[in-house]
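Okay, here's what each chain looks like letter by letter:
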Amino acid sequence: MDKVLNYLGLSKRAGKLVQGTDAVLKNLRSRQTHLMFVASDASLATIQNVSKKGLFYNIPVINKYSTDELSNSLGEKNIKVIAINDQGFVKAIMKELK
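Basis of the calculations
Chains are numbered independently. Their residues run from 1 in the order of the written sequence. Only residues with pLDDT of 70 or above have their local features reported here, since the model is predicted, and side-chain atom pairs are shown and tallied only from 80 upward, although totals for entire chains, interfaces and linings are computed over all residues. Calculation of side-chain values draws on the structure's entire complement of heavy atoms; hydrogens and water are dropped beforehand. Each helix is a run of DSSP H or I of at least 4 residues and each strand a run of E of at least 2, with the numbering of both proceeding from the N terminus. Note on method: radius of gyration uses C-alpha positions; expected globular size equals 2.2 Å times residues raised to 0.38. Three exposure classes are used, based on accessible area relative to the maximum for each residue type with a 1.4 Å probe and protein chains only: buried under 20%, partly exposed in between, and exposed over 50%. Residues are treated as being in contact if the distance between any of their heavy atoms lies within 4.5 Å. All accessible areas in this document rest on Shrake-Rupley with a 1.4 Å probe, and a residue is counted as covered only by the protein chains that are shown. By the counting scheme adopted, Arg and Lys are positive, Glu and Asp are negative, and His together with the chain ends is not counted. To locate a charge, take atom NZ for lysine, CZ for arginine, CG for aspartate or CD for glutamate. Note: two strands are recorded as paired if DSSP finds a minimum of 2 bridges between them. Call a crossover right-handed when, viewed with both strands pointing away from you, the route from the first strand across the helix to the second goes clockwise.

**Student:** Tell me about the overall build of the chain, and name the residues and values.
**Tutor:** What the chain contains, in helices and strands, is 5 helices and 4 strands. Start at the N end of the chain and walk to the C end: the helices and strands fall as α-β-α-β-α-β-α-β-α. In terms of overall size, the chain behaves like a compact globule, its C-alpha atoms giving a radius of gyration of 12 Å where 98 residues would be expected to give roughly 13 Å. The dimensions of the chain, computed from C-alpha atoms along their principal axes, are 30 × 25 × 25 Å. Out of the 98 residues in the chain, the part that is buried amounts to 42%. Once local pairs closer than 6 in sequence are excluded, the contacts in the chain between residues at least 24 apart make up 78%. Carbon and sulfur atoms make up 49% of the accessible area of the chain, which amounts to about 5,600 Å² in all. Charge-centre separation for the chain: the mean point of 15 positive side chains lies 8 Å from the mean point of 8 negative side chains.

So this is what it looks like as structure tokens:
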């Protein structure tokens, strides 16, 4: 498994992850989000909505992983949108993505 996906699982267990489109967008407005993931096979409307919000709030949006990859990393089903709320996890994830 990819190290980034391992970090997502760790951040969930640490309570530093928000999942689901509505929860992520609400979290964005409270200025707690530092990084967002949107599934590469999510609907075009979801991808555009999350990307626009990320651009507006100056939050990076990663569109590299499928719904299955994101869901499996979290032990959940049908995960399309994720937000990370911890700067340490974001730094580690961004290092792995480069």
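**Student:** Could you give an account of the pairing of strand S2 (residues 35–38), naming the residues involved and the relevant values?
**Tutor:** Burial of S2 is two-sided: the residues Leu-35 and Phe-37 facing one way and the residues Met-36 and Val-38 facing the other way are all buried. Of the strand pairs in this sheet, S2 and strand S4 (residues 81–84) are connected by 4 bridges, and their pairing is antiparallel. Among the inter-strand pairings, Leu-35 is bridged to a residue of S4, identified as Ile-84. With 2 bridges connecting them, S2 and strand S3 (residues 61–62) associate as parallel partners. What sits directly across from Phe-37, in S3, is Ile-62. Handedness of the crossover joining S2 and S3 through helix H3 (residues 44–57) is recorded here as right-handed.

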